[in-house]
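For reference, the chains in residue letters:
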Amino acid sequence: MVAVPTNGPTVSSGAAGIGRFGLGTAAVGRPGYITLGREADLPAGRSVAALRERTHLLLDAAFAAGVRYLDTARSYGLAEEFLGEWLAARPEAAGQVTVGSKWGYTYTADWRTSGVPVHEVKEHSPEVFDRQVAESRALLGKHLDVYLIHSVTPDSPALTDTALHEGLAALAAQGVRIGLSTSGPAQAATIEAASGVTVAGRPLFTAVQSTWNVLEPSAGPALREAHAAGWLVVVKEGMANGRLAGRNATGPETAPLRALAERTGHTPDAVALAAAAAQPWADIVLSGAATTAQLASNLTAAELALSPDHLTTLAPLAEPAEEYWLTRAGLPWS
């Protein structure tokens, strides 16, 4: 169950509150990722030691702010290791957070950012699940609370492999919430298909982590249905891999975002994340910050209550899902 913090900043009436926000580690657990402008955010050299320190600083800052949901994955380089170290060193904090991780991708970049044909390899087989859940358990121990199949699409064998389903159900019986993350233009179809998967007559999946942002809101109705069914709903990529950050949201297509940011006295990133948190079905909205300054800016979204009129002004930013995912596929690893 997701912990709800009792501390954190005072928020305006109708604002989401800090307990609705989480910290993702995709941008700091490995030297290469697809966030725009990331090359300016990380320490020179991006050594293991430097990114370990950066990850721990972000975790400290997030916890101090009241964040209690932490997201990682097997494919995020050494992110699970960094998080596991932080949890072990801070037992009081470890007892207050919910940790979600993901399996199904294997990190293959060997701590490089260039000259890498493939940064991660996807396979949703029982064999990969058995290997990766053991690896996650070894690094996170008893703190593995939510375990998601990484980046499921409608054609994924994870939706039909009964042997895999039995293994996942066994993990669920140990108290781990089982779910999936989604990607691609058919996220809604994936969620709908996953909702029908059962083991011994009971639904297998009770959590989903999906991309939703003002550029790509197509999964919204399916996420609303998942939430109504009692699933934990986590929003990822609320800033569209940096496209909605102030330094990148400079073109005419993001003018409504900048105008609303100026009108509310907040930054574009905060407005983008507040728009995600304004969705009543969103339990957690992830920040993918790579610096503590970015995190602080992101978390001001907790203080911002967007009205229906505000959200209406952002609606024109929405792109066709196919167009959005084509653009995302073209973002460089940096």
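You'll find the structure just up there.
Described in the following lines is the structure provided in the data block.

### Some words on the overall build of the protein
Each helix and strand counted, the protein has 12 helices and 12 strands in total. Against the 2.2 N^0.38 benchmark of 20 Å for 334 residues, the protein shows a C-alpha radius of gyration of 19 Å, consistent with a compact globule. Principal axes of the C-alpha set define a box for the protein whose edges measure 55 × 45 × 45 Å. The long-range fraction of contacts in the protein, counting pairs at least 24 apart against all pairs at least 6 apart in sequence, stands at 79%. Carbon together with sulfur atoms contributes 56% to the accessible area of the protein, which is approximately 13300 Å² in total. Side-chain charges of the protein comprise 24 positive and 32 negative groups, with the mean position of each set lying 3 Å from the other.

### A short note on the environment of G141
For G141, the location among the structural elements is in the loop between α4 (126-140) and β6 (146-152). The sequence separation of G141 and L87 amounts to 54 residues, and the corresponding C-alpha distance is 9.6 Å.

### Things to note about unusual backbone geometry
Phi at S151 is positive, roughly 60°, even though this residue is not glycine. Position of S151 relative to the elements: it lies in strand β6.

### A short note on the side chain of N213
Within the secondary structure, N213 sits in the loop between β10 (207-211) and α7 (220-228). In this structure the side chain of N213 is engaged in a polar contact, spanning 2.8 Å, whose partner is the backbone nitrogen of E216. Once residues within four sequence positions are removed from consideration, N213 is found in contact with E237, G238, A240, L244 and Y324.

### Brief notes about the packing of aromatic side chains
Note on aromatic pairs: each is described by the distance of the centres and the angle between the planes. Across all of its chains, the model carries 6 aromatic pairs by this definition. Summarising the aromatic geometry, the rings of W212 and W281 are spaced 6.1 Å apart at their centres and angled 75° between planes, so their arrangement reads as edge-to-face. Taken together, the residues W212 in the loop between β10 and α7 and W281 in the loop between α9 (268-277) and β12 (284-287) connect sequence positions 69 residues apart. Here the aromatic rings of Y324 and W325 are separated by 5.4 Å at their centres, their planes lie at 80°, and the arrangement is edge-to-face. The exposure class assigned to W325 is buried, which follows from its relative accessible area of 9%. By way of ring pairs, the aromatic residues W103, F129 and Y147 are connected into one cluster. Sitting above the plane of the F63 ring, R68 keeps its charged end 3.7 Å from the centroid.

### Quick word on the packing of helix α2 (residues 79-89) against α4
Where α2 contacts α4, the axes come no closer than 8 Å and their chain directions differ by 30°. Residue-level contacts link E80, E81, L83, G84 and L87 of α2 to E135, S136, L139 and L140 of α4. Of the residues contributing to the contact of α2 with α4, the split by class is 4 nonpolar, 2 polar and 3 charged.

### Focus on the nonpolar core
In this structure, Y147, L168 and F205 are the most contacted members of the largest nonpolar core, which totals 94 residues. Per element, the largest residue contribution to this core is 8 residues, and it comes from α9.

### Some details on the pattern of salt bridges
Per the counting criterion, the structure on display carries 11 salt bridges. We note a salt bridge from E81 to R52, for which the minimum N-O separation is 3.0 Å. Remark: R52 occurs in helix α1 (residues 48-65) and E81 occurs in helix α2; sequence separation between them is 29 residues.

About the criteria used
All residue numbers here refer to positions counted from 1 along the written sequence of the relevant chain. Only residues with pLDDT of at least 70 are given local features in this predicted model, and only at 80 or more are side-chain atom pairs given and counted; all residues enter the totals for whole chains, interfaces and linings. Side-chain numbers come from the whole structure's heavy atoms, not from hydrogens or water. Under the scheme used here, helices are H or I runs from DSSP no shorter than 4 residues and strands are E runs no shorter than 2 residues, and both carry numbers assigned from the N terminus. Our radius of gyration looks at C-alpha atoms and nothing else; its globule reference is 2.2 Å times the residue count to the power 0.38. Throughout, a residue-residue contact means that at least one pair of heavy atoms, one from each residue, lies within 4.5 Å. We get accessible surface area from the Shrake-Rupley algorithm with a probe of 1.4 Å; when it comes to residues, only the shown protein chains can shield them. Asp and Glu are treated as the negative residues and Lys and Arg as the positive ones, with His and the ends of the chain left uncounted. To locate a charge, take NZ of a lysine, CZ of an arginine, CG of an aspartate or CD of a glutamate. By the criterion applied in these results, polar contacts are pairs of N or O atoms within 3.5 Å in which, for protein atoms, one can donate a hydrogen and the other can accept it, and in which residues neighboring in sequence qualify only through two side-chain atoms. Each Phe, Tyr or Trp ring (for Trp, its six-membered ring) is paired with any other whose centre lies within 6.5 Å, and the angle between the two planes then decides the class: stacked below 30 degrees, edge-to-face above 60, tilted in between. Residue burial is assigned from relative accessible area. The probe radius is 1.4 Å, only protein chains are included, and a residue is buried under 20% of its type maximum, exposed over 50%, and partly exposed in between. Ring-over charges, as used throughout, are those where CZ of Arg or NZ of Lys falls within 6 Å of the ring centre and within 35 degrees of the ring normal. Throughout, an axis means a line fitted to C-alpha atoms (over the contacting stretch in the case of helices), and angles, computed between N-to-C directions, take values from 0 to 180 degrees. Each residue is assigned to one class: nonpolar for Ala, Val, Leu, Ile, Met, Phe, Trp, Tyr, Cys and Pro, charged for Asp, Glu, Lys and Arg, and polar for all the others, Gly among them. In this text, buried Ala, Val, Leu, Ile, Met, Phe, Trp, Tyr and Cys residues form a nonpolar core when linked through side-chain atoms within 4.5 Å. One speaks of a salt bridge when a side-chain nitrogen belonging to Lys or Arg is within 4 Å of a carboxyl oxygen belonging to Asp or Glu.

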